[in-house]
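Fold and contact review
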Amino acid sequence: MSDTSYLDWPFFDEAHRGLAAGLRAWAGEHVGRLAHDADVDAQCRGLVARLGEAGWLGYCVPGAFGGRLPALDSRSLCLARETLAYHDGLADFAFAMQGLGSGAISIAGSPELQRRYLPRVARGEAIAAFALSEPDAGSDVAAMSTTARPDGDGYRLDGVKTWISNGGIADFYTVFARTEEAPGARGISAFVVDAATPGLEIAQRIDVIAPHPLATLRFANCRVRASQRLGAPGEGFKVAMRTLDIFRASVAAAALGFARRALDEAIARARARTMFGQTLADFQLTQAAIAEMATAIDAAALLTYRAAWLRDAKGGRATREAAMAKMVATEEAQKVIDRAVQVFGGIGVTSGHPVERLYREIRSLRIYEGATEVQKLVIARETLKGAG
Ligand code: COS
């Protein structure tokens, strides 16, 4: 990464700078390529194992359960995602899903569940997934229809979850289902469901433009013990939102990593390419593009690390700031990458070229973990609340 001056910003301490430098060196050696074979499942399993062996997944869980720091640290999660995304979208995905898939256990799991799952997540021995969305409940998550009905000493899950990252390769899923304590958001509970539980099946694998493990899950008469529930009955929606508050800022950081890579690629191209007797970088039109890309990246970085710092340093909710960061960083990264493709001309749309890959990688970040439109809704609500 050519510009690392942002690490001197007051949001970071020495440990953060050490993490960024250490992971940058490791990623350059171990995942420093954007190309992947067809077998994305095997690639992803391998990445989780390597990230675990090297200790990087220790940032995804609290210290008492094998983590590197006493509690989840948003700035560390963001720096890790930004650095991995710069090198390899699938490595970022593998890291992020260990955090998102186990985040609700860290936040609301019983000590027994935390002991059982989190150390294996940190070592890369158990692959985690977050099962919230449904075919008719994506943005309006409180409209979910998967049910968890009391059944003996536990619950019986029935329903369908879709767009589930790591679906098909996960060892366990954090599943949100309707327990009906109240209508809407107050009648949802969260559960940890082992992948091998009878009644849970992978209904369909989903292929997307930037391949990664993704599936639709079906629950039919799937029995889970009450001890697998995360938090109190009816608290599941809040657990989901608290988890997303942490990981939305990290999506912004991943977008930043992609954008920084695109800018570096564009600068290298602009300096090397000659036309009309000068380099591309000598043209003012190219300079305008570079200036706008660099400024968009810094603006997005400021919002991202403000959100992460706010959560770490001040505690409490950083809902509005995380939503702002995710909206701006993902939208701006899309534009930065598009401009990088333009700088490369025809080469930029060649299959397998780094900027072509980035062009495909960035698109889903504007949708998952709350589409840009949802972030606007969240920002407006919080802003109106603050104003009123
Ligand atoms: N942290 C803690 N609690 C939260 C919270 C947060 N960030 N956000 C909401 N809550 C609480 C509210 O305070 C409210 O509590 P009470 O019932 O005690 O008043 C409860 O949760 C319900 O909140 P709200 O009324 O805002 O629920 P809505 O159904 O209106 O939520 C949005 C709407 C859009 C905010 C929500 O559905 C959302 O974020 N959707 C996007 C989901 C998403 O990201 N999907 C992608 C899939 S994940 S990969």
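To start, this report covers the structure provided alongside it.

1. Regarding the overall build of the chain
What the chain contains, in helices and strands, is 10 helices and 10 strands. Expected size for 388 residues packed as a compact globule is a radius of gyration near 21 Å; at 21 Å, the chain falls within 12% of this value. A total of 388 residues make up the chain; the buried ones form 55% of that total. In the chain, the share of contacts with a sequence separation of at least 24, taken over all contacts with a separation of at least 6, comes to 73%. Charged side chains in the chain number 45 positive and 44 negative. The centres of these two groups are separated by 3 Å.

2. A word on the nonpolar core
Within the largest apolar cluster, 117 residues are counted, with the highest numbers of intra-cluster contacts made by Leu84, Phe95, Leu157, Phe176, Val193 and Tyr305. Considering every element that reaches this core, the biggest residue donor is helix 6 (residues 236–272), with 18 residues. With residues up to four places along the chain from it excluded, the contact list for Val193 reads Leu157, Phe172, Tyr173, Val175, Leu200, Phe219, Cys222 and Val224. Within the second largest apolar cluster, 6 residues are counted, among which are Met327, Val374, Val378 and Ile379.

3. Examining the packing of aromatic side chains
According to the stated counting rule, one finds 12 aromatic pairs in the structure shown. Residues Phe11 and Phe12 carry aromatic rings whose centres are separated by 6.5 Å and whose planes lie at 85° to one another, so their mutual orientation is edge-to-face. Take Phe11: its relative accessible area is 14%, and that puts it in the buried class. According to the relative accessible area criterion, Phe12 is buried, its value standing at 7%. Ring centres of Tyr155 and Phe191 lie 4.8 Å apart, and the angle between their planes is 65°; on these two criteria the pair is classed as edge-to-face.

4. Remarks on the site of the ligand
Around the ligand there are 23 residues in total, and Ser139, Arg186, Lys238, Asp245 and Arg381 lie nearest to it. Take Arg248: an N or O atom from its side chain is 2.9 Å from an oxygen atom of the ligand. Within the contact set of the ligand, a nitrogen atom lies 3.4 Å away from a side-chain nitrogen or oxygen of Thr319. Its free accessible area being 1,000 Å², the ligand has 76% of it covered by the protein chains. Considering each element in turn, the shell around the ligand owes the most residues, 7 residues, to helix 6. The class makeup of the residues in the shell around the ligand is 10 nonpolar, 5 polar and 8 charged.

5. Let's talk about the pairing of strand 2 (residues 147–151)
Here strand 2 pairs with strand 3 (residues 154–165) via 5 bridges, running antiparallel. Paired with Thr147 across the two strands is Asp158, which belongs to strand 3. Between strand 2 and the antiparallel strand that follows it, strand 3, lie 2 residues; Gly152 among them carries a positive phi value of about 60°.

6. Quick word on the pattern of salt bridges
Summed over the entire model, instances satisfying the criterion amount to 21 salt bridges. Arg311 is the partner of Asp312 in a salt bridge, and the nearest nitrogen-oxygen pair spans 3.5 Å.

7. What to know about helix 4 (residues 89–108)
With 20 residues, helix 4 should cover 28 Å at 1.5 Å per step; its first-to-last C-alpha distance of 29 Å lies within 8% of that length. At Ser102, helix 4 shows its largest kink, close to 45°. Across the 20 residues of helix 4, 19 count as buried, placing the element largely inside the fold. Its side-chain oxygen at 2.9 Å from the backbone nitrogen of Leu90, Asp88 defines the N-terminal cap of helix 4.

8. A word on the packing of helix 4 against helix 5 (residues 111–123)
As a packed pair, helix 4 and helix 5 sit with axes 10 Å apart at the nearest point and diverge in direction by 160°. In terms of their interaxial angle, helix 4 and helix 5 are classed as roughly antiparallel. Like other packed secondary-structure pairs, helix 4 and helix 5 cross with a definite hand, here left-handed. Residues Gln98, Ser102, Ile105 and Ser106 of helix 4 form the contact with helix 5, whose participating residues are Leu113, Gln114, Tyr117, Leu118 and Val121. Tallied by class, residues from the contact of helix 4 with helix 5 come to 5 nonpolar, 4 polar and no charged.

Reading the values: the criteria
Residues numbered from 1 in each chain as written. Predicted model: local features only at pLDDT ≥ 70, side-chain atom pairs only at ≥ 80, totals over all residues. Heavy atoms only, no water. Helix = DSSP H or I, 4+ residues; strand = E, 2+ residues; numbered from the N terminus. Rg over C-alpha atoms; globule rule 2.2 N^0.38 Å. Buried < 20%, exposed > 50% of the residue type's maximum accessible area, 1.4 Å probe, protein only. Contact = heavy atoms within 4.5 Å. Lys, Arg positive; Asp, Glu negative; His and termini not counted. Charge placed at Lys NZ, Arg CZ, Asp CG, Glu CD. Core = buried A, V, L, I, M, F, W, Y, C linked by side-chain atoms within 4.5 Å. Phe/Tyr/Trp six-rings, centres within 6.5 Å; stacked < 30°, edge-to-face > 60°. Near = heavy atom within 4 Å. Polar contact = N/O pair within 3.5 Å; in protein donor to acceptor, adjacent residues only side chain to side chain. Areas by Shrake-Rupley, 256 points an atom, 1.4 Å probe, with all protein chains shown as cover. Nonpolar A, V, L, I, M, F, W, Y, C, P; charged D, E, K, R; others polar. Pairing = 2+ DSSP bridges. Salt bridge = Lys/Arg side-chain N within 4 Å of Asp/Glu carboxyl O. Expected span 1.5 Å × (residues − 1). Bend = angle between axes of the 7 residues up to and from the residue. Axes fitted to C-alpha atoms, helices over the stretch in contact; angles between N-to-C directions. Parallel < 35°, antiparallel > 145°, perpendicular 65-115°, else oblique. Left-handed = near helix turned anticlockwise from the far one by under 90°.

Keep in mind these numbers describe shape, not what the thing actually does.
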